[in-house]
Amino acid sequence: MFGRRKDVVYKTLATKKRAVALQALSAELETPMPAVLKTVKQLESDGLVEVFYGQKKASIMVRAKTIEDYL
């Protein structure tokens, strides 16, 4: 189940060409934020996404890495 969720989250992020707020991603996927954050953290450790933490307010932005990020 967890692997399938990772695929869905990654594919959703990969279709967007920019970073999205974790709250917006959670709403789009109709999944509780803790579950999305857990999945995003796993994708980050796999090197597939970048997570940005807001300095001024409590916001978490996520974006999928592309092949260009590795070149």
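For the structure given in this document, a descriptive report is provided here. Owing to the predicted nature of the structure, the values given are computational and were not obtained by experimental measurement.

### Re the sheet that holds strand β1 (residues 20–21)
Within the open sheet, the three strands sit side by side as β1-β3-β2. Their pairing is antiparallel. Among the strands making up the open sheet, the edge pair consists of β1 and β2 (49–53). Where β2 meets strand β3 (residues 60–64), five bridges bridge the pair, whose relative direction is antiparallel. The partner of V49 across the bridge, within β3, is A64. Contacts between helix α3 (residues 33–45) and the sheet are confined to β2 and β3, with β2 contributing the most and set at about 120 degrees to the helix.

### Observations regarding unusual backbone geometry
Its identity is not glycine, yet E30 carries a phi of approximately 50 degrees, on the positive side. Of note, E30 is situated in the loop between α2 (22–29) and α3. Residue classification places E30 among the exposed positions, given a relative accessible area of 75%.

### Describing α3
Along its 13 residues, α3 runs 18 Å from first to last C-alpha, staying within 8% of the 18 Å computed at 1.5 Å per residue. Of the positions making up α3, those classed as buried are V36, T39, V40 and L43. Viewed end-on, α3 has its buried residues packed into an arc of 100 degrees, placing them on one side of the element. Residues P34, K38 and S45 are exposed on α3 and point more than 90 degrees away from its buried face.

### With respect to the pairing of β3
Here β3 shows a buried face lined by I60, V62 and A64 and an unburied face lined by M61 and R63. In this structure, β1 lies alongside β3, joined through two bridges in antiparallel fashion. When the bridges of β3 are listed, V20 appears paired with V62.

### Details of the pattern of salt bridges
Applying the stated rule across the entire model yields four salt bridges. One salt bridge in this structure joins D46 and K6, with 2.6 Å as the shortest N-O distance. Here the residue D46 occupies a position in the loop between α3 and β2, and K6 occupies one in helix α1 (residues 2–15), the gap between them amounting to 40 residues. Exposure remark for D46: the relative accessible area of 38% places this residue in the partly exposed category. Residue K6 is classed as buried on the basis of its relative accessible area of 18%. The residue K16 makes a salt bridge to E28 at a minimum N-O spacing of 2.9 Å. Of this pair, K16 sits in the loop between α1 and β1 while E28 sits in helix α2, and the two are twelve residues apart along the sequence.

Basis of the calculations
- Residues numbered from 1 in each chain as written.
- Predicted model: local features only at pLDDT ≥ 70, side-chain atom pairs only at ≥ 80, totals over all residues.
- Heavy atoms only, no water.
- Pairing = 2+ DSSP bridges.
- Helix = DSSP H or I, 4+ residues; strand = E, 2+ residues; numbered from the N terminus.
- Contact = heavy atoms within 4.5 Å.
- Axes fitted to C-alpha atoms, helices over the stretch in contact; angles between N-to-C directions.
- Buried < 20%, exposed > 50% of the residue type's maximum accessible area, 1.4 Å probe, protein only.
- Expected span 1.5 Å × (residues − 1).
- Arc of directions from axis to C-beta.
- Salt bridge = Lys/Arg side-chain N within 4 Å of Asp/Glu carboxyl O.

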